[in-house]
Amino acid sequence: NAGVMQNPRHLVRRRGQEARLRCSPMKGHSHVYWYRQLPEEGLKFMVYLQKENIIDESGMPKERFSAEFPKEGPSILRIQQVVRGDSAAYFCASSRQGSSYNEQFFGPGTRLTVL
Amino acid sequence: AQSVTQPDIHITVSEGASLELRCNYSYGATPYLFWYVQSPGQGLQLLLKYFSGDTLVQGIKGFEAEFKRSQSSFNLRKPSVHWSDAAEYFCAVGAGNRDDKIIFGKGTRLHILP
């Protein structure tokens with residue numbers, strides 16, 4: 001079984017450009033979580049999605065950030081008009097069902113660098 | 001809302017020595033508790049988890065953790081560390097409700113001396 005896939009693994013953008021991060025969950029998983037990790041920080045929850053639904057976006061910045069998990073295809077985290085402070089590692093995790101009772105499996109992350 | 005504190009940002013131990021990484025949580029009810037490990041440049045891997053039952057939980061790679069309700073702690077232990085254990089370790093807590101999320105601590109980076 002393939003694990004959680006994230007691409008690209010590394011992404012470089014200039015200030016003002018858009019960044020699109022993709023996450024393909026494990027087979028059979030319909031719940032996706034996005035986290036951001038800054039140096040010396042833990043993982044900060046951003047958003048929790050099920051297919052075609054945003055369940056919890058309490059960790060998402062109010063502006064420039066959006067996420068989707070369409071019926072077909074990967075989940076996308078989009079950052080518009082990136083700024084230097086967006087430079088971080090972004091991790092996606094998936095689980096078979098919701099609730100913290102169910103183990104989340106993590107992808108290898110996308111490391112975003114904003115020049 | 002639940003929260004997690006890992007008091008030690010860095011820990012250094014000698015290879016072969018014992019290890020204990022501290023984790024304190026805050027949650028009103030019985031929490032779901034996790035320890036994850038992250039090797040450099042990698043994603044997170046689950047070491048072990050506690051939901052209920054026996055308060056001493058065995059995990060992968062020879063790790064164990066003990067849930068102590070009276071101390072709101074879930075410390076991770078290993079009797080003898082290997083150089084390959086050098087990594088960052090994250091404690092996490094969940095409420096276990098439907099559509100609940102997991103809250104992570106800031107992590108403890110483990111360094112191993114030869």
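Below you will find a few notes about this structure. (Residues numbered from 1 in each chain as written. Chains lettered and ligands numbered in written order. Predicted model: local features only at pLDDT ≥ 70, side-chain atom pairs only at ≥ 80, totals over all residues. Heavy atoms only, no water.)

1. Quick notes on the overall build of chain A
Next up, step 1: Counting its regular elements, chain A contains zero helices and 11 strands.
Next up, step 2: Secondary structure elements in chain A, listed N-terminal to C-terminal, are β-β-β-β-β-β-β-β-β-β-β.
Next up, step 3: Against the globule reference of 13 Å for 115 residues, chain A gives a C-alpha radius of gyration of 13 Å, in line with a compact fold.
Next up, step 4: By its C-alpha atoms, chain A is 35 × 30 × 25 Å across when sized along the principal axes.
Next up, step 5: The buried share of chain A, reckoned over its 115 residues, is 48%.
Next up, step 6: Once local pairs closer than 6 in sequence are excluded, the contacts in chain A between residues at least 24 apart make up 53%.
Next up, step 7: Between the averaged position of the 17 positive side-chain charges in chain A and that of its 11 negative side-chain charges there is a distance of 6 Å. (Helix = DSSP H or I, 4+ residues; strand = E, 2+ residues; numbered from the N terminus. Rg over C-alpha atoms; globule rule 2.2 N^0.38 Å. Buried < 20%, exposed > 50% of the residue type's maximum accessible area, 1.4 Å probe, protein only. Contact = heavy atoms within 4.5 Å. Lys, Arg positive; Asp, Glu negative; His and termini not counted. Charge placed at Lys NZ, Arg CZ, Asp CG, Glu CD.)

2. Thoughts on unusual backbone geometry
Residue and element names in this part refer to chain A.
Next up, step 1: Here the bond from Asn-7 into Pro-8 is cis, since omega is -5°, no more than 30 degrees from zero.
Next up, step 2: As for its placement among the helices and strands, Pro-8 is situated in the loop between strand 1 (5-7) and strand 2 (10-13).
Next up, step 3: A positive phi angle, near 75°, is found at Arg-64, a position not held by glycine.
Next up, step 4: Here Arg-64 is to be found in the loop between strand 6 (53-56) and strand 7 (65-68).
Next up, step 5: Given a relative accessible area of 25%, Arg-64 falls into the partly exposed group.
Next up, step 6: At Gln-81, a position not held by glycine, the phi torsion is positive, near 45°.
Next up, step 7: Looking at the element boundaries, Gln-81 is found in the loop between strand 8 (75-79) and strand 9 (88-95).

3. Let's talk about the environment of A:Pro39
Next up, step 1: Within the secondary structure, A:Pro39 sits in the loop between strand 4 (31-37) and strand 5 (43-50).
Next up, step 2: A sequence separation of 50 residues divides A:Pro39 from A:Ala89, and the C-alpha atoms of the two residues are 8.7 Å apart.

4. Comments concerning the side chain of A:His31
All names here are of chain A.
Next up, step 1: Of note, His-31 is situated in strand 4.
Next up, step 2: For His-31, a relative accessible area of 7% corresponds to the buried category.
Next up, step 3: Engagement of the side chain of His-31 in a polar contact is seen with the side chain of Tyr-48, the distance being 2.7 Å. (Polar contact = N/O pair within 3.5 Å; in protein donor to acceptor, adjacent residues only side chain to side chain.)

5. Digging into the sheet that holds strand 1 of chain A
In any sheet, the strands associate via hydrogen bonds between backbone groups, in a parallel or an antiparallel arrangement.
Residues and elements named next belong to chain A.
Next up, step 1: Taken in spatial order, the four strands make up an open sheet running 1-3-8-7, and their pairing is antiparallel. Of all the strands in the sheet, just strand 1 and strand 7 have a single pairing partner and so form its edges. Strand-to-strand, the axes of this sheet are offset by a mean angle of 15°, without reference to chain direction.
Next up, step 2: Strand direction decides the pairing type here: strand 1 and strand 3 (residues 19-24), joined by three bridges, are antiparallel. Counterpart to Asn-7 in the pairing with strand 3 is Arg-22. (Pairing = 2+ DSSP bridges. Axes fitted to C-alpha atoms, helices over the stretch in contact; angles between N-to-C directions.)

6. Section: the interface of chain A and chain B
Next up, step 1: Counting residues at the interface gives 25 residues for chain A and 26 residues for chain B.
Next up, step 2: Between chain A and chain B lies a buried interface of about 1,900 Å² when both sides are counted; carbon and sulfur atoms form 53% of it.
Next up, step 3: Where chain A packs against chain B, one counts zero salt bridges.
Next up, step 4: Where chain A touches chain B, the interface holds three residue pairs in polar contact (both at pLDDT 80 or more).
Next up, step 5: Listing elements by their share of the side of chain A that touches chain B, those giving two or more residues are strand 4, strand 5 and strand 6 of chain A.
Next up, step 6: Here the residues of the side of chain A that touches chain B are counted per class, giving 10 nonpolar, nine polar and six charged. (Buried area = accessible area lost by both parts, 1.4 Å probe. Salt bridge = Lys/Arg side-chain N within 4 Å of Asp/Glu carboxyl O. Nonpolar A, V, L, I, M, F, W, Y, C, P; charged D, E, K, R; others polar.)

7. Comments concerning the pattern of salt bridges
Next up, step 1: Applying the stated rule across the entire model yields eight salt bridges over all chains.
Next up, step 2: The shortest N-O distance in the salt bridge between A:Arg20 and A:Glu18 comes to 2.9 Å.
Next up, step 3: Assessed through its relative accessible area of 32%, A:Glu18 is described here as partly exposed.
Next up, step 4: Across the pair B:Glu88 and B:Arg109 runs a salt bridge whose closest N-O atoms are separated by 2.8 Å.

8. Thoughts on the state of the cysteines
Formally, a disulfide is one covalent bond, and it connects the sulfur atom of one cysteine to the sulfur atom of another.
All names here are of chain A.
Next up, step 1: Under the defined criterion, the tally for this structure stands at two disulfides over all chains.
Next up, step 2: A sulfur-sulfur separation of 1.7 Å characterises the disulfide bridge that pairs Cys-23 with Cys-92. Between Cys-23 and Cys-92 the disulfide shows an S-S torsion of about -50°. By sign, it is left-handed. Note that Cys-23 is positioned in strand 3 and Cys-92 in strand 9, a separation of 69 residues in sequence.
Next up, step 3: Taking the relative accessible area as the measure of exposure, Cys-23 reaches 0% and is therefore buried. (Disulfide = S-S within 2.5 Å.)

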